[in-house]
Amino acid sequence: MFAFDAWGAIIEDAHRYPSPHNSQPIKVELRSPTQAAVYYDLDLGLPAESYGIPFAHVCAGVFLESLKVCALARGYALREELHLSEMDFSSADRLHLIGEVTLVPRTPTDEDLAVHRAFLGRQTSRRPYDNTLVDPAAVVEAEATARRHGHEFRSSSDPTLVRTLVHVNQATLFDDLRNDAVHREILTWLRFSRAEAARRGDGLSAETMLMPGPVLRFAMQHRGLWEAPLIGALIRRIYLNTMRGVRQLGWLEGPFSGPADYLEAGRAFMQVWLGFTRRNIYLHPFGTVITNPHSHAEFAAAVGAEETAGRMAWMLFRFGHSAAPPRAHRRPASAMIVPSLKEPQP
Ligand SMILES: Cc1cc2nc3c(=O)[nH]c(=O)nc-3n(C[C@H](O)[C@H](O)[C@H](O)COP(=O)(O)O)c2cc1C
């Protein structure tokens, strides 16, 4: 499919990395059979929210970790040279260089292969969960994983806190829609029918959000109605219904004050997610609670997050057991590849 064999298989797998709104903003320039450059496509970013810009780097960190997992399973370690600079969404150059990566031969271990299997099976589940606690060993493991990346994984199964934060997440949706820029941004990524979701291969489909497409379309195009007492209450009920059975929430805290921190945060998040997947535990990020300043303040106060000296509680999610969720589409892996600026080397 692509010019270089090893990259072909690795990118074919890695293109399943998760991204906010499933916007799939990462682009790769294949420079040689072992070298590539990784970019963030600013046209596919989500800068409307206050923390949307740092989250672009978090997503790049999620991708780098994904690329590493996929490369390891194909017999290569990944050497990285990162270009750490803040993203400027007004830049004329729409591809922000994240870094250069090199494949270094290395025999895969059983552990590498198990993580890779988890990567291919990982999904976001927005379905109701089954009200059970996960195996405590999964929580201990997530704590150790986060610690390895310099972050702290915290979790709670306190029913009052869980209920409060599930409601904060729901209220975030309503609040975000009042913001014209955020509303415009989300509308570009919603896919109201299965056919549209499959054809475009990106975005948030009504199916994965467990909403009937026409209801979602009507609700999104008449956001004023969300404030109306009866209709607002109905939409809130439909949404909260998908959150039934949530027994536990997890969140990540740690250094979050520049591109290096954001990238490392993304790696930590991905490894925690893969650890859960290996144990058949699903996860649903509440990223918008972080990117919406009002919701973030409520969340940080509710969990007593320590947010001083560049530290932040930068990710919140529900986790647990559910039926298998609908699969989110991807654009073809080849859509990630940008033409090389350099001549390929033999
Ligand atoms: C950094 C990050 C933040 C996310 N935030 C949210 C969120 O706020 N709400 C949500 O429903 N999904 C969120 N997601 C999940 C993505 O929408 C999901 O990964 C994407 O649609 C692809 O689906 P998949 O994970 O099933 O492959 C987030 C994902 C990432 C990587």
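For clarity, every value in this text was computed on a predicted model and none was experimentally measured.

## Observations concerning the nonpolar core
Nonpolar side chains in soluble globular proteins generally cluster together in the buried interior.
Phase 1 of the analysis: One finds L67, F153, F276 and F317 to be the most contacted residues of the largest nonpolar core, which totals 93 residues.
Phase 2 of the analysis: With 12 residues, the top contributor of residues to this core is helix 2 (residues 52-73).
Phase 3 of the analysis: Counting contributing residues per domain, this core is built from domain 1 (5-121 + 331-338) and domain 2 (136-320), each supplying no fewer than three.
Phase 4 of the analysis: If near-sequence neighbours (up to four positions away) are discounted, F153 is found in contact with V139, A142, E143, A146, G250, W251, L252, V272, F276, F317 and F319.

## Some thoughts on the site of the ligand
Phase 1 of the analysis: What surrounds the ligand is a group of 19 residues, the closest being R122, T124, R126, G287 and R330.
Phase 2 of the analysis: Within the contact set of the ligand, an oxygen atom lies 2.7 Å away from a backbone nitrogen or oxygen of G287.
Phase 3 of the analysis: The separation between an oxygen atom of the ligand and a polar side-chain atom of R330 is 2.7 Å.
Phase 4 of the analysis: At the level of elements, strand 9 (282-285) and helix 11 (287-291) are the ones that each hand at least two residues to the shell around the ligand.
Phase 5 of the analysis: Class assignment for the residues of the shell around the ligand results in 8 nonpolar, 8 polar and 3 charged.
Phase 6 of the analysis: Of the residues that make up the shell around the ligand, three or more belong to each of domain 1 (5-121 + 331-338) and domain 2 (136-320).

## Structural notes on the sheet that holds strand 4 (residues 95-105)
Phase 1 of the analysis: Strand order in the open sheet formed by 5 strands is 3-4-2-1-11, with mixed pairing between adjacent strands. Only two strands of the sheet have a single neighbouring strand rather than two, namely strand 3 (76-82) and strand 11 (337-338).
Phase 2 of the analysis: Examined bridge by bridge, strand 3 and strand 4 share 7 bridges and lie antiparallel to one another. From the neighbouring strand, A77 faces strand 4, where its bridge partner is V104.
Phase 3 of the analysis: Helix-sheet contacts for helix 1 (residues 5-14) involve strand 1 (26-30), strand 2 (35-41), strand 3, strand 4 and strand 11, and the interaxial angle to strand 4 is about 120°.

## Some points on helix 9 (residues 229-241)
Phase 1 of the analysis: For helix 9, which comprises 13 residues, the first-to-last C-alpha distance of 18 Å matches the rise-based estimate of 18 Å (1.5 Å per residue) to within 8%.
Phase 2 of the analysis: On the buried face of helix 9, the contacting elements are helix 5 (159-178) and helix 8 (213-221).

## Here's the deal with the pairing of strand 2
Phase 1 of the analysis: The buried count for strand 2 comes to 6 of 7 residues, which makes it a mostly enclosed element.
Phase 2 of the analysis: Across 5 bridges, the pairing between strand 1 and strand 2 is antiparallel. Within strand 2, the residue paired with I26 across the bridge is Y40.
Phase 3 of the analysis: Remark: 4 residues form the turn of the hairpin made by strand 1 and strand 2, two consecutive strands paired antiparallel.
Phase 4 of the analysis: In the sheet, strand 2 pairs with strand 4 via 7 bridges, with the strands oriented antiparallel. From the neighbouring strand, Y39 faces strand 4, where its bridge partner is L97.

## Focus on the environment of G150
Phase 1 of the analysis: One can find G150 in the loop between helix 4 (136-148) and strand 5 (152-156).
Phase 2 of the analysis: Accessibility expressed as a relative area gives 45% for G150, which makes it partly exposed.
Phase 3 of the analysis: Separated by 115 residues in sequence, G150 and A265 have C-alpha atoms that sit 8.6 Å apart.

Thresholds, definitions, all that
- Residues numbered from 1 in each chain as written.
- Predicted model: local features only at pLDDT ≥ 70, side-chain atom pairs only at ≥ 80, totals over all residues.
- Heavy atoms only, no water.
- Core = buried A, V, L, I, M, F, W, Y, C linked by side-chain atoms within 4.5 Å.
- Buried < 20%, exposed > 50% of the residue type's maximum accessible area, 1.4 Å probe, protein only.
- Helix = DSSP H or I, 4+ residues; strand = E, 2+ residues; numbered from the N terminus.
- Domains from an automatic or database assignment.
- Contact = heavy atoms within 4.5 Å.
- Near = heavy atom within 4 Å.
- Polar contact = N/O pair within 3.5 Å; in protein donor to acceptor, adjacent residues only side chain to side chain.
- Nonpolar A, V, L, I, M, F, W, Y, C, P; charged D, E, K, R; others polar.
- Pairing = 2+ DSSP bridges.
- Axes fitted to C-alpha atoms, helices over the stretch in contact; angles between N-to-C directions.
- Expected span 1.5 Å × (residues − 1).

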